[in-house]
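Observations on chain architecture
The primary structure of each chain is shown beneath.
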Amino acid sequence: MSLFFAIKYPLRCPQPFQRLPELAYNLWWSWHPEAQALFEQIDANHWHKHRNPVKLLRERGAALKRLANEVTFVAAYGAVMQSFDEYMNAPDAWFMQVYPLHRKSPVAYFCAEFGFHECLPTYCGGLGILAGDHTKSASDLGVPFVGVGLLYKNGYFTQRIDAEGNQVAEYPAFNLESLPLLPLRQRHGRQLQISVELPGRRVWAQCWVVQVGRAKVILLDTNVARNRHRDRRITAQLYGGDREVRMAQELILGIGGVRALRALEIAPAAWHLNEGHAAFVCFERMRELMQTEKLDFDDAAEAVAANTVFTTHTPVAAGNEAFSLPLMDKYFRGFCERNGIELSRLLNLGLQTGDHGYKFFSMTVLALRLSNASNGVSKLHGHVSRALWKNLWPDIPETELPITSITNGVHADTWMAPEMAALLERHLGKNWRRHLDDPKFWRRVNAIPDLELWGIRQYLKIRLINFVRARLMEQLRRQGASPRETNAAANVLNPHALTIGFARRFASYKRADLIFSDVRRLEKLANDARRPIQIIFAGKAHPHDRDGQVILRRIHQMAQRRRLQGKVILLEDYDINVGRHLVQGVDLWLNNPRRPMEASGTSGQKVPLNGGVNCSILDGWWAEGYDGRNGWAIGKAVDGLSEAEQDHADAAALYEVLEKQVIPCFYRRTASLSGKQKESRERSLPGEWLQKMKVSMATVIPPFNTVTMVKNYAEKLYVPALRRGEFFNGARFANAAEVAKIKEHLRENWPLVHFTHAEMAAPAAARRSSRNGHLTAPQVEISADVYLGELHPDLVQVEACSFEPSRNGTPDVIRAIPLQAVQRNGDGVCHYNLRLAEKPESAKRWRIRVLPKHSALRHKHELGLIHWRDLA
């Protein structure tokens, strides 16, 4: 990957700190505490208020002249810069070692939001946080990686909660000069801008770069002087505006993102669409190939799909991005006319039919059809996605649909408290980060002394409580509370009580208020003199989500109840900083979505990094993460209930698990038997809870971190896609054209293909042995005659399939065994045969099918062509 621009830093620092701007403008500092401590030493108050090194150097840089004479600061600066240089120039990163031939084959990762740090507000929730963590681990692993997104001048929104519990959305305009990002410039110094054609006008976007360790992320911003006023607002707000604004944003992201990479002379070897918002990337790449390489529509589609991968994050049809056909017509008719493309062919790539025959364009369908591989973000979500999109592959069993899964993870260094990381260094060794994906290594947490681990947990909880108290006091002052009420906030929360955290988007399916289903019961738990609990909530509801805002208001009202005051806290303006404090400080993380609405969820994965434990519905990642020992499950994995039935059952299960398992476990104290002095110190330790903490760390950390996740993406999706791209792009895309021709040949002839005969019976030799009284192993012979017409037998495969009922009642293929082509007759019929060690009466469990076969197909069901026949 070669970025032709030279990065120039607008800040200047005195000797010997001239490289501080280089550090401030690289978000490497955001997951390296020693770098943050360096900036804190410049001005602690400014750092604690803003946590933004660029703003710090702009406003407090004069302090560096004084610090130049402080030996300890100069030494700390030198040590941090040495660590930074070693990281940036490390020759032994994982990807470079495992895939040395592809070390300069960049992956382009498109996403509508990126959450790196609270000082750069280009994120809303889980999707953006995941994208940020993905980018950081790609950097850590040495994956050649460039992200592409949008730069939102007003961000998502700043949340204020008034005295009645109403959410007030504010949209401050951020000063881009004070953020850790830089405008990209061309060689002659002019700012780099790209343009995208919208109906009746051309819209320009400024290109910015965010440096994330070794990775770079390009952000596009339409707030430039040469645009009309309304177009300057296209990228003002994340997920803001009407459908036309959303359409314009996704055109800038997809089409504009490709053009930005071209302007920067970056030639991605693989293209990753992280959710459907970015799917217009495919249209722009097809346009390029049709214009520059003179490929036809089908050939261009093949070439684009060859090295595109797609990740879906949405478990319900209504949540997937879609546009009306009239809106698509308005925005793409000119695109098609300029480039000689039939609009109907373009629209058909994403066409879906909804209720009452309503037709619309689905961004998810477009991405599924034009990608080499697609994945959900947990094992359960993979199942849900296959069920959701099975209409794209009719007659294909769900279990075989070409949507796999790679479970989300979290970036360990971003979310782990420095104190916990230091504890791991002492007991697991300084290189513990090199073993993040090694389950065997993490069993060693069992050897960490209980006293040390509990001491860290208590320290982190007290830090959280102090953070909550300060934030709550500020919140009350702004709401106009009395001095008495405000001062009372300085004493909320008990550092010895079981502390529960709930923080996420306040979407209605996440049921933030489920625990208030029986308020009297909750009040009893919160006010138990010997075993109290306390709960800290944080989260934003989308400004247009009235149901989510009702839930937020209800939690606010619950927090004002006399018997819950100071024991139930609602923090406003949930962001990365609030989330960091919560996941590091709480004892128990609560998650109770309606199953299976949680695609993955990652907040609960951050808690075990800090010794916390999960209590969750068996949904998303927890459905595969829970093992019966590492936390608690709320209820059972039951599908098919109505919302009311599920809410009632889950609320009852939540109270049951808290009262009978979680609370007793936390408060049960076990005396040590190893000496009087040690016994006196350890008698107050919750031995059973500590064991639960260690099992949680050992079993959750290795499979659910972004090192594991990005390695899975590299091995299962990126490298296969870039290799397939190399093949398809070979000989000036001749291979893509050849594959497109083969597919068209298959599609044209497939309506004629059918079974003329198929049966399953005992072979003749076995029948003779039976008549002669000889015992033979059970055998059956499957034979079939298939009319292929003009198709060569090498282009099809006949398979015998064994079925068994699945959990949802539909049959699942558990075995698919190819039949051997025996002979082809002159009438277009080919005879196939297979012998199996099965009893003849098992025929009811078997069916036979014929489907296309070719080495260039990315999946056996890519074309969705298949014919079935029952065996008689």
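Residues numbered from 1 in each chain as written. Predicted model: local features only at pLDDT ≥ 70, side-chain atom pairs only at ≥ 80, totals over all residues. Heavy atoms only, no water.

We now examine the overall build of the protein. A count of helices and strands for the protein gives 31 helices and 29 strands. A compact globule built from 872 residues would reach a C-alpha radius of gyration of about 29 Å, and the protein, at 30 Å, matches this within 12%. Dimensions of the protein along its principal axes, counting C-alpha atoms only, are 95 × 75 × 55 Å. Here the protein, with 872 residues, has 59% of them falling under the buried criterion. For the protein, the proportion of contacts with a sequence separation of at least 24, taken over those separated by at least 6, is 72%. For the protein, the exposed surface amounts to about 35,700 Å²; the carbon and sulfur share of it is 49%. (Helix = DSSP H or I, 4+ residues; strand = E, 2+ residues; numbered from the N terminus. Rg over C-alpha atoms; globule rule 2.2 N^0.38 Å. Buried < 20%, exposed > 50% of the residue type's maximum accessible area, 1.4 Å probe, protein only. Contact = heavy atoms within 4.5 Å. Areas by Shrake-Rupley, 256 points an atom, 1.4 Å probe, with all protein chains shown as cover.)

Attention shifts here to helix 4 (residues 53-60). Those residues of helix 4 that fall on the buried side of the exposure criterion are P53, V54, K55, L56 and L57. Buried positions along helix 4 lie against helix 1 (20-24), helix 2 (33-42), helix 3 (44-50) and helix 5 (63-67). Structurally, the start of helix 4 carries an N-cap: the backbone nitrogen of V54 is 3.0 Å from a side-chain oxygen of N52. (Polar contact = N/O pair within 3.5 Å; in protein donor to acceptor, adjacent residues only side chain to side chain.)

This part covers the side chain of R457. Its location among the elements puts R457 in helix 20 (residues 450-478). Every residue in contact with R457, bar those within four places of it in the chain, is listed here: Q584, G585, V586, D587, N610, G611, G612 and M693.

Bringing the packing of aromatic side chains into the picture now. Scanning all chains against the criterion turns up 38 aromatic pairs. Considering the side-chain rings of F17 and Y77, the 5.1 Å spacing of their centres and the 85 degrees angle between planes classify their relative orientation as edge-to-face. In this pair, F17 is assigned in the segment before helix 1 and Y77 in helix 6 (residues 71-88), connecting sequence segments 60 residues apart. For the residue pair F17 and Y77, the accessibility class agrees, reading buried in each case. Every member of this aromatic cluster is reached through a ring pair, and the members are F280, F283, F323, F332, F335 and F361. The residue whose ring lies beneath R226 is W204, and the NZ or CZ to ring-centre distance is 3.6 Å. Its end group placed over the ring of W415, K606 keeps NZ or CZ at 4.0 Å from the ring centre. (Phe/Tyr/Trp six-rings, centres within 6.5 Å; stacked < 30°, edge-to-face > 60°. Lys NZ or Arg CZ within 6 Å of the ring centre and 35° of its normal.)

To summarise the sheet geometry, strands pair through backbone hydrogen bonds and adopt either a parallel or an antiparallel arrangement. Spatially, the three strands line up as an open sheet ordered 11-13-12, and their pairing is antiparallel. Both edges of this open sheet fall to strand 11 (322-324) and strand 12 (351-353), since each of them pairs with a single strand only. Ignoring which end each strand starts from, the neighbouring axes of this sheet average 40 degrees apart. (Pairing = 2+ DSSP bridges. Axes fitted to C-alpha atoms, helices over the stretch in contact; angles between N-to-C directions.)

In this section: the sheet that holds strand 17 (residues 533-538). Strand order in the open sheet formed by six strands is 18-17-16-19-20-21, and the pairing between neighbours is parallel. Pairing within the sheet leaves two strands with one partner each, and these edge strands are strand 18 (568-571) and strand 21 (631-634). Put simply, the sheet's adjacent strands are angled 20 degrees from each other on average, direction ignored. Taken together, the four bridges between strand 20 (residues 613-617) and strand 21 define a ladder with parallel strand orientation. When the sheet's bridge partners are listed, S616 is paired in strand 21 with A633. With respect to the sheet, helix 24 (residues 576-585) is in contact with strand 16 (498-503), strand 17, strand 18 and strand 19 (588-591), its orientation differing from that of strand 17 by roughly 160 degrees.

Right, let's talk about the confidence of the model for the protein for a bit. The predicted coordinates should not be examined in detail at positions where pLDDT is low. In the predicted model, the protein carries a mean pLDDT of 93, and 94% of its residues have values of at least 70. Contacts from residues 672-677, a stretch scored under 50 in pLDDT, to residues over four places away or in other chains number two contacts. (pLDDT = per-residue confidence, 0-100.)

Of note, the amide linkage connecting Q15 to P16 takes the cis form, showing an omega dihedral of 0 degrees. Tracing the backbone shows P16 in the segment before helix 1. Going from R595 to P596, the amide bond is cis rather than trans, its omega being 0 degrees. Tracing the chain through its elements places P596 in the loop between strand 19 and helix 25 (603-606). Notably, R51 is not glycine yet its phi reads approximately 50 degrees, a positive angle. Considering the arrangement of structural elements, one finds R51 in the loop between helix 3 and helix 4.

The next subject is the nonpolar core. Counting residues in hydrophobic clusters, the biggest one holds 257 residues, and the most contacted among them are L20, F280, F332 and W689. Leaving out residues up to four positions away in the same chain, W689 has contacts with W454, L498, D587, L588, V613, W632, V662, C665 and F666. Ranked by size, the runner-up nonpolar core spans 30 residues in total, among them I742, W750, Y832 and L834. (Core = buried A, V, L, I, M, F, W, Y, C linked by side-chain atoms within 4.5 Å.)

Where helix 8 (residues 126-141) contacts helix 30 (residues 706-749), the two axes come as close as 9 Å, and the packing angle between them is 80 degrees. If you check the angle between helix 8 and helix 30, you find them roughly perpendicular. In this structure, helix 8 uses L130, D133, H134, S137, A138 and L141 to contact helix 30, whose residues at the interface are T706, V707, M709, V710, K711, Y713 and Y718. Within the contact of helix 8 with helix 30, the residues separate by chemical class into eight nonpolar, three polar and two charged. (Parallel < 35°, antiparallel > 145°, perpendicular 65-115°, else oblique. Nonpolar A, V, L, I, M, F, W, Y, C, P; charged D, E, K, R; others polar.)

For the rest of this paragraph, the subject is helix 11 (residues 280-292). Along its 13 residues, helix 11 runs 18 Å from first to last C-alpha, staying within 8% of the 18 Å computed at 1.5 Å per residue. When you tally the buried positions in helix 11, you get eleven out of 13 residues, the bulk of the element. Looking at the residues trailing helix 11, positive phi occurs at K294, about 60 degrees. (Expected span 1.5 Å × (residues − 1).)

Another point: the pairing of strand 28 (residues 846-852). Extensive coverage of strand 28 is indicated by the burial of six of its seven residues. As paired strands, strand 28 and strand 29 (residues 867-870) are joined by four bridges and run antiparallel to one another. For I848, the partnering residue across the bridge sits in strand 29 and is R869.

Here we take up the side chain of K55. Within the secondary structure, K55 sits in helix 4. At 2.8 Å, the side chain of K55 and the side chain of E59 are in polar contact. Excluding its chain neighbours within four sequence positions, the residues that come into contact with K55 are H46, H50 and S178.

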